[in-house]
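Chain residues, written in single-letter form:
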Amino acid sequence: MTSDPPFRRRWPWLGADLQTVRNVLPFRLPGIPPGSGERFEIALGDGSGDRLVARYHAAREPAPAVVLVPGLTGCEGSRHVLQSAGAFLAAGAAVVRLNLRGSAPGRSLARGHYHMDSVGDLADACRAVAELDAGTREHGIAILGFSLGGALALRLAASPGLPPAVRAVVAVSAPVDLAATADRIARPRNHLYERWLLARLREESEPVWRRAPPAVRSALLGARHIREFDDAFTAGKAGFRDAAAYYASCSPGRTIGALRVPTLVLHADDDPWVPPPVLAARPPLEIVVTRGGGHVGFHGRGSRLPWYVGAAARFIRASASTPPGSAG
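Residues numbered from 1 in each chain as written. Predicted model: local features only at pLDDT ≥ 70, side-chain atom pairs only at ≥ 80, totals over all residues. Heavy atoms only, no water.

A.B. asks: How would you explain empty space enclosed by the protein if you had to name every residue and give the values?
C.D. replies: Here the structure, examined in full by the defined rule, presents two cavities of 30 Å³ or more. Taken as a whole, the second largest cavity holds about 30 Å³ of empty space. Looking at the second largest cavity, the residues that line it are Leu 52, Leu 100, Arg 101, Tyr 114, Ser 118, Asp 121 and Leu 152. Taken together, the residues of the lining of the second largest cavity sort by class into four nonpolar, one polar and two charged. (1 Å grid on protein atoms, 1.4 Å probe; cavity = no way out; pocket = protein on both sides within 12 Å on 5 of 7 lines; lining within 4 Å. Points joined across faces, edges and corners; volume = space filled by probe spheres on them. Nonpolar A, V, L, I, M, F, W, Y, C, P; charged D, E, K, R; others polar.)

Here it is as structure tokens:
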């Protein structure tokens, strides 16, 4: 990463908020069509009968398949996922656009909803991807996760259940401390962001919480902060008594010292949603905190693609030569 060009914001995306919201503004951005690729389903091994849905794009060159994992309320059609998919496909790699359990494209296939303890779901997805074709079995998998998806990827990278096909992990704007992230998004300056996220969370998870007891539904609908939503709904679904226990157990920072593959964490120092990681970089972990970039923004000079796409691609290429199991 020392050879990567530094991130430099480009006009007019000069502040943290403009960097953050650009992907939801009605501008034309590079990327593949949302409906492209081969749709396939992934059976989960937890006995629930739930399935994930994903889109597969075949490789043109020998390289690790790149599994793109969206963040909170994101999906296969999120603009940062489409932009990243387009870039890796143009380079010849196979790409899988994964949807987490219960997200909109796969809502009819699951009675549950994703959370930060859904590490097994991501492991099951990687095992399924590893069997898609001979090239993927030979060259392995790299995971590129965004925000919550990046945090899940970090947890998997440190898990004894990490599938051997996974060769590298890149996490963009990932919350490594869930409690600190809940505190940050609850700041008054983030009021509109948090309202927007809560509305999307309620809509996305409605098929699950509609079956909950009246007290849970009432608390969830009355939640004004992400922490209150997690207290009312997410923590219980993940098997924890409250949000505090859920955050303490599921924060990726707890297990970052047990990473099993080369891992890159990319973060902006002005991310309005997620505080920069307080972690020590040592093999196999690399950390880059840029000056500016917002939350999953990184709209910089020299390219219409976000800066993290090139940084992730270079890291994945370098990691592809690392023998499995040699990290650390």
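A.B. asks: So what's going on with the pairing of strand β2 (residues 51–57)? Which residues, and what values?
C.D. replies: With respect to burial, β2 is a largely interior element, six of its seven residues being buried. Pairing analysis gives six bridges linking strand β1 (residues 38–43) to β2, with the strands arranged antiparallel. Looking across to β2, one finds that Glu 41 is bridged to Val 53. (Buried < 20%, exposed > 50% of the residue type's maximum accessible area, 1.4 Å probe, protein only. Helix = DSSP H or I, 4+ residues; strand = E, 2+ residues; numbered from the N terminus. Pairing = 2+ DSSP bridges.)

A.B. asks: I'd like to hear about the nonpolar core, residue by residue, with values.
C.D. replies: Counting 69 residues, the largest nonpolar core has Leu 98, Leu 122 and Ile 143 as its most contacted members. Setting aside residues no more than four positions away along its own chain, Leu 98 makes contact with Ile 42, Leu 52, Val 53, Ala 54, Val 67, Leu 68, Val 69, Pro 70, Glu 76, Leu 122 and Ala 125. Counting 31 residues, the second-largest nonpolar core is a separate cluster that includes Phe 7, Ile 32, Val 170 and Val 296. (Core = buried A, V, L, I, M, F, W, Y, C linked by side-chain atoms within 4.5 Å. Contact = heavy atoms within 4.5 Å.)

A.B. asks: Please set out the pattern of salt bridges residue by residue, giving values where relevant.
C.D. replies: Side chains carrying opposite charge are able to pair once their charged atoms draw close together. Under the criterion given, the structure shown has 14 salt bridges. Across the pair Arg 189 and Asp 17 runs a salt bridge, and its minimum N-O distance is 2.8 Å. Taken together, the positions of Arg 189 in the loop between α6 (178–185) and α7 (191–209) and Asp 17 in helix α1 (residues 16–21) put the pair 172 residues apart, joining distant regions of the chain. Here Arg 189 falls in the partly exposed class, since its relative accessible area comes to 47%. Exposure remark for Asp 17: the relative accessible area of 31% places this residue in the partly exposed category. Salt-bridge contacts for Arg 107 lead to Glu 203; the nearest nitrogen and oxygen are separated by 3.5 Å. On the criterion of sequence distance, the pair formed by Arg 107 in the loop between β4 (95–98) and α3 (119–130) and Glu 203 in helix α7 is long-range, its members being 96 residues apart. Classification of Arg 107 by relative accessible area gives partly exposed; the value is 25%. Of the residues examined, Glu 203 reaches a relative accessible area of 46% and is grouped as partly exposed. (Salt bridge = Lys/Arg side-chain N within 4 Å of Asp/Glu carboxyl O.)

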